[in-house]
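A look at the structure
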Amino acid sequence: MSVANVETELRRPDMLRQWQSIVAEANISDAARAHLLSWIYSERDMSLRQLQDVDSDAGLELLLPLKYIEFKSHWIMANTQLQFCLYRGMESDQETATRASLISLLQSCLDPFISETDREQIDRFLFKPLAGADRDEVRIESDRIVIENAKRIIIKKRKTNLS
């Protein structure tokens, strides 16, 4: 594992095209589109700077899971917000939904560098607060968060065709 390998993954042209496509398809203003693209590029670039600053195996082994946790936490917060809006019969915020899709793609770029066991452990840790709130109402199933109560709400993480 090297910073160069991670950088190659985070700068893949197909991912950049997917970000642009997600933003272009979103029902948001042009200003919001520009802001979201600027935001995700900034998240990626800041992550690369951090990785370059700790350019060692030990540093990468520490920093990559932390970045995964950071990105996954952004996704969880956005999707939880969206699900509760839907649960309450409110319209979901398209900017938040778009932001969740963008950060999910960025987070998925780190998957090859973190073992499946570590990713599962991170997911259990991150979703524990949700499970503790009301064990019968909120849970994670693979790539989605499920809220059950009077009705069932599921929001899935966007599947990608990344190579």
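Our structure's up above, just so we're on the same page.
Bear in mind that the values here come from a model prediction, so they are computed numbers and not experimental data. (Residues numbered from 1 in each chain as written. Predicted model: local features only at pLDDT ≥ 70, side-chain atom pairs only at ≥ 80, totals over all residues. Heavy atoms only, no water.)

Right, let's get into the overall build of the protein chain. Along the backbone of the protein chain there are 6 helices and 3 strands. For the protein chain, the N- to C-terminal ordering of α and β elements is α-α-α-α-α-α-β-β-β. Looking at the protein chain as a whole, 42% of its 163 residues qualify as buried. Taking all contacts inside the protein chain whose residues are at least 6 apart in sequence as the whole, residues at least 24 apart take part in 70%. Accessible area of the protein chain: about 9100 Å², with a carbon and sulfur share of 50%. (Helix = DSSP H or I, 4+ residues; strand = E, 2+ residues; numbered from the N terminus. Buried < 20%, exposed > 50% of the residue type's maximum accessible area, 1.4 Å probe, protein only. Contact = heavy atoms within 4.5 Å. Areas by Shrake-Rupley, 256 points an atom, 1.4 Å probe, with all protein chains shown as cover.)

Running from amino to carboxyl end, helix 3 (residues 30–53) crosses helix 4 (residues 57–87) at an angle of 160 degrees, the nearest separation of the two axes being 10 Å. When the axis of helix 3 is compared with that of helix 4, the two are roughly antiparallel. Our pair here, helix 3 against helix 4, has a crossing hand that is right-handed. Here helix 3 contributes Glu43, Ser47, Gln50 and Leu51 to the contact with helix 4, which in turn contributes Leu60, Leu63, Leu64, Lys67, Glu70, Phe71 and His74. (Axes fitted to C-alpha atoms, helices over the stretch in contact; angles between N-to-C directions. Parallel < 35°, antiparallel > 145°, perpendicular 65-115°, else oblique. Left-handed = near helix turned anticlockwise from the far one by under 90°.)

On to the nonpolar core, then. Ranked by internal contacts, the top residues of the largest apolar core, which has 36 residues, are Leu10, Trp19, Leu51, Leu102 and Leu110. Secondary structure elements with two or more residues in this core: helix 1 (3–10), helix 2 (13–25), helix 3, helix 4, helix 5 (94–108) and helix 6 (116–133). The dominant element in this core, judged by the number of residues it contributes, is helix 4, at 8 residues. When neighbours within four sequence positions are excluded, leucine 102 is seen to be in contact with Trp19, Ile22, Val23, Leu36, Trp39 and Ile40. (Core = buried A, V, L, I, M, F, W, Y, C linked by side-chain atoms within 4.5 Å.)

To continue, consider the packing of aromatic side chains. Tallied over the entire structure, the rule returns 1 aromatic pair. Over the ring of tryptophan 39 we find arginine 99; its NZ or CZ atom is 4.4 Å from the centre of that ring. (Phe/Tyr/Trp six-rings, centres within 6.5 Å; stacked < 30°, edge-to-face > 60°. Lys NZ or Arg CZ within 6 Å of the ring centre and 35° of its normal.)

To continue, consider the pattern of salt bridges. A complete count under the given rule lists 9 salt bridges for this structure. The shortest N-O distance in the salt bridge between arginine 11 and glutamate 7 comes to 3.0 Å. One salt bridge in this structure joins arginine 12 and glutamate 9, with 2.2 Å as the shortest N-O distance. For the pair shown, arginine 12 and glutamate 9 are each scored as buried. Because the salt bridges share partners, they merge into one network encompassing Glu7, Arg11, Arg44 and Asp45. (Salt bridge = Lys/Arg side-chain N within 4 Å of Asp/Glu carboxyl O.)

Further remarks concern helix 2. Its 13 residues give helix 2 an end-to-end C-alpha distance of 18 Å, which sits within 8% of 18 Å, the value for a rise of 1.5 Å per residue. Listed as buried for helix 2 are Asp14, Met15, Trp19, Ile22 and Val23. (Expected span 1.5 Å × (residues − 1).)

Note that arginine 44 resides in helix 3. A residue is classified by how much of its surface remains accessible, and arginine 44, at 7% relative accessible area, is buried. Here aspartate 45 takes part through its side chain, which lies 2.9 Å from a polar atom of the side chain of arginine 44. Sequence-distant contacts of arginine 44, defined by excluding residues within four places in its chain, comprise Leu10, Arg11, Leu16, Trp19 and Leu106. (Polar contact = N/O pair within 3.5 Å; in protein donor to acceptor, adjacent residues only side chain to side chain.)

In an α-helix, one turn spans 3.6 residues; hence positions three or four apart end up facing the same way. With 15 residues, helix 5 should reach 21 Å at 1.5 Å per residue; the first-to-last C-alpha distance of 21 Å fits that figure. For helix 5, the tally of buried residues reaches 11 of 15 residues, placing the bulk of the element in the interior. By the burial criterion, the buried members of helix 5 are Thr96, Thr98, Ala100, Ser101, Leu102, Ile103, Ser104, Leu105, Leu106, Gln107 and Ser108. Packing partners of the buried residues in helix 5 comprise helix 1, helix 2, helix 3 and helix 4.

Treat this as a map of the structure, not an account of what it does.
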